[in-house]
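Listed here are the chains, written in short residue letters.
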Amino acid sequence: MKPLYYTLFLVIFSSVHYFVICQNVPSSRSSQASTLVGTRLYFFGGGASTEVWYLDLSNSFNISTPPWHNDIVMPVGYSFGTSCLSPIDNSTIYLIGGRTWMANTGNYLYLTSVYKFNSKTSQWTTPTINNFNYNFTTRNEIQAVINNNGKIFVFGGTNFNSQTILYYNDMNVLDITTMTWSTLNQSQSYITNVDYTATLLPNGNIAYVGGRSISSSKVVNITDMAKIQIFDTKSYTWSIKSASGSTIASRVSHSAVLTQDGNIIIYGGSLQNSSGYPVTVYSDIAVLNTSSWAWSIPSVSGTKAPPLTQHSAALYKNYMILAFGNNFN
């Protein structure tokens, strides 16, 4: 059955939790990358799309006509990758990994694993990277974070455009101040992870929530939501936090944002069968307290958002913005 897509929802987190549904203006899509730059929320690709859209959040607007704007197109069609904003100039967006589609050939082609987008001039460039790890070339289903020093961290992922599917458990780091790549290889006993969410906490730790992992016997498992993998970006060490509180169903391709008080809010995602196809798509919302490491389910009123997976999320002031996505109905 043809997948059903959605465009934009606003979630307001205050004393009352509710959803506001907005009009669909860009075409339907999923698996796009997104980054907030000031008052512009950018969306890159999705499927084989080369489109770049942004939502202008600088002023209040009528929710029936959200202020969408399109920008210069991408050099390639893009999906299942990740993007982040440079803290050096707060205007350059880096796209890392993903599936890149060449419209002129009709095939996936991987010419580079990193693209730079200057949001001030709307220009695309492909940077020269020192010491690049070429095993990363076809990496996708990943999520990157960037710290205040300009280091981008990308964990795990899987390959694409290969007859043999590989899952990875390495940590790849790109220092944008020197454009130097480094790879931290973990013991093979350490789990791989794809389709997770990655959230950089105020203390410099990255919290990895959910996703899929593959065991030493090549069995793919859904990651327990009560087991939060933590990577310390200062010491380059791993640990695991056991989360208490509400039981949250395991899932992949969900979204997560960090609140001003340091908690993680997740939305949606899906449960997949052994072939990797979603059989259940979620419409729930949950909050992870990163001080007590306890899950809770907030009370949500108003119009309920639909089940969504492979969507985008960003936090702007008191709004959690969910954009696009798929429900596989």
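Before any of the text, the structure's been laid out above.
None of these values were measured; they are calculated from a predicted model. (Residues numbered from 1 in each chain as written. Predicted model: local features only at pLDDT ≥ 70, side-chain atom pairs only at ≥ 80, totals over all residues. Heavy atoms only, no water.)

Asks: Looking at this structure, how should I read the overall build of the chain?
Replies: From N to C terminus, the chain includes 0 helices and 33 strands. Of all intrachain contacts in the chain linking residues separated by at least 6 positions in sequence, the fraction that spans at least 24 positions is 53%. Only carbon and sulfur atoms are counted for the fraction: they give 50% of the accessible area of the chain, which is about 14300 Å². (Helix = DSSP H or I, 4+ residues; strand = E, 2+ residues; numbered from the N terminus. Contact = heavy atoms within 4.5 Å. Areas by Shrake-Rupley, 256 points an atom, 1.4 Å probe, with all protein chains shown as cover.)

Asks: Please clarify how the pattern of salt bridges should be interpreted in this entry.
Replies: Pairing between side chains of opposite charge can happen when the charged atoms of each approach one another. Evaluation of the coordinates by the stated rule reveals 6 salt bridges. For Glu 51, the salt bridge is made with Arg 29, and the minimal N-O distance between the two is 2.4 Å. A residue pair is termed long-range when its members are at least 10 positions apart, and Glu 51 in the loop between strand 4 (40-44) and strand 5 (52-56) and Arg 29 in the loop between strand 2 (17-21) and strand 3 (33-37) qualify at 22 residues. Look at Arg 29 and you get buried, because its relative accessible area is 3%. Residue Arg 212 is joined to Asp 195 by a salt bridge in which the shortest nitrogen-to-oxygen separation is 2.9 Å. In this pair, Arg 212 sits in strand 20 (residues 212-214) while Asp 195 sits in the loop between strand 17 (180-184) and strand 18 (197-200), placing the two residues 17 residues apart along the sequence. Side by side, Arg 212 and Asp 195 carry an identical accessibility label, which is buried. Through salt bridges with shared partners, one network takes in Arg 99, Glu 141, Asp 195 and Arg 212. (Salt bridge = Lys/Arg side-chain N within 4 Å of Asp/Glu carboxyl O. Buried < 20%, exposed > 50% of the residue type's maximum accessible area, 1.4 Å probe, protein only.)

Asks: Just checking my understanding: could you explain the side chain of Ser 119 for this structure?
Replies: Along the chain, Ser 119 falls in the loop between strand 12 (114-118) and strand 13 (123-125). Classification of Ser 119 by relative accessible area gives buried; the value is 9%. Of the polar contacts made by the side chain of Ser 119, one reaches the backbone oxygen of Ser 91; its length is 2.6 Å. The contacts of Ser 119, once residues within four sequence positions are left out, are Val 37, Arg 40, Tyr 42 and Ser 91. (Polar contact = N/O pair within 3.5 Å; in protein donor to acceptor, adjacent residues only side chain to side chain.)

Asks: Could you clarify how one ought to interpret the sheet that holds strand 11 (residues 107-108) in this entry?
Replies: For sheets, the rule is that strands pair by backbone hydrogen bonds, running either parallel or antiparallel. Sheet architecture is open: 3 strands sit in the order 7-10-11, paired in antiparallel fashion. Among the strands making up the open sheet, the edge pair consists of strand 7 (77-79) and strand 11. In terms of strand pairing, strand 10 (residues 99-102) meets strand 11 through 2 bridges, oriented antiparallel. Bridge pairing in strand 11 links Met 102 to Asn 107. (Pairing = 2+ DSSP bridges.)

Asks: Would you explain the nonpolar core in this entry?
Replies: In a soluble, globular protein the nonpolar side chains are often hidden away together inside. If you look at the biggest cluster of nonpolar residues, it comprises 27 residues, and the most contacted ones within it are Ile 96, Ile 152, Met 171, Leu 174, Trp 181 and Tyr 208. Elements with a minimum of two residues in this core: strand 9 (92-96), strand 14 (144-146), strand 15 (151-155), strand 16 (171-175) and strand 19 (205-209). Filtering out sequence-adjacent residues up to four positions away, Ile 96 remains in contact with Tyr 78, Gly 81, Thr 82, Ser 113, Val 114, Phe 136, Ile 142, Ile 152, Val 154, Leu 174 and Trp 181. (Core = buried A, V, L, I, M, F, W, Y, C linked by side-chain atoms within 4.5 Å.)

Asks: Explain the sheet that holds strand 18 to me, please; I cannot follow it from the model alone.
Replies: With antiparallel pairing, 4 strands are arranged side by side in an open sheet as 18-19-22-23. Of all strands in the sheet, those bounded by a partner on one side alone are strand 18 and strand 23 (237-242). Recorded for the sheet is a direction-independent mean angle of 25° between the axes of neighbouring strands. Here strand 19 runs beside strand 22 (residues 227-232); their pairing, made up of 4 bridges, is antiparallel. Pairing of Ile 206 across the sheet is with Phe 231, part of strand 22. (Axes fitted to C-alpha atoms, helices over the stretch in contact; angles between N-to-C directions.)

Asks: What is the right way to read unusual backbone geometry from this model?
Replies: What you tend to see is this: most non-glycine residues have negative phi, and most peptide bonds are trans. The backbone of Ser 122 shows a phi angle near 55°, a positive value even though the residue is not glycine. With respect to the secondary-structure elements, Ser 122 resides in the loop between strand 12 and strand 13. Of note, the phi angle at Trp 293 is positive, near 55°, even though the residue is not glycine. As for its position among the elements, Trp 293 is in the loop between strand 29 (285-289) and strand 30 (294-296).

Asks: Sorry if this is basic, but what is going on with the packing of aromatic side chains here?
Replies: Within a pair of aromatic rings, the relevant descriptors are the distance that separates the centres and the angle that separates the planes. Under the definition given, this model contains 26 aromatic pairs. Pairing Tyr 42 with Phe 44 gives two aromatic rings, centres 6.0 Å apart and planes at 10°, and the pair type is stacked. Looking at Tyr 42, the relative accessible area reads 1%, which means it is buried. A relative accessible area of 0% places Phe 44 in the buried class. Counting every residue linked through ring pairs, the aromatic cluster contains Phe 153, Phe 155, Tyr 196, Tyr 208, Phe 231, Tyr 236 and Trp 238. The ring of Tyr 168 is capped by Arg 139, whose NZ or CZ atom sits 3.6 Å from the centre of that ring. Note that Arg 251 overlies the ring of Tyr 282, its terminal NZ or CZ placed 4.4 Å from the centroid. (Phe/Tyr/Trp six-rings, centres within 6.5 Å; stacked < 30°, edge-to-face > 60°. Lys NZ or Arg CZ within 6 Å of the ring centre and 35° of its normal.)

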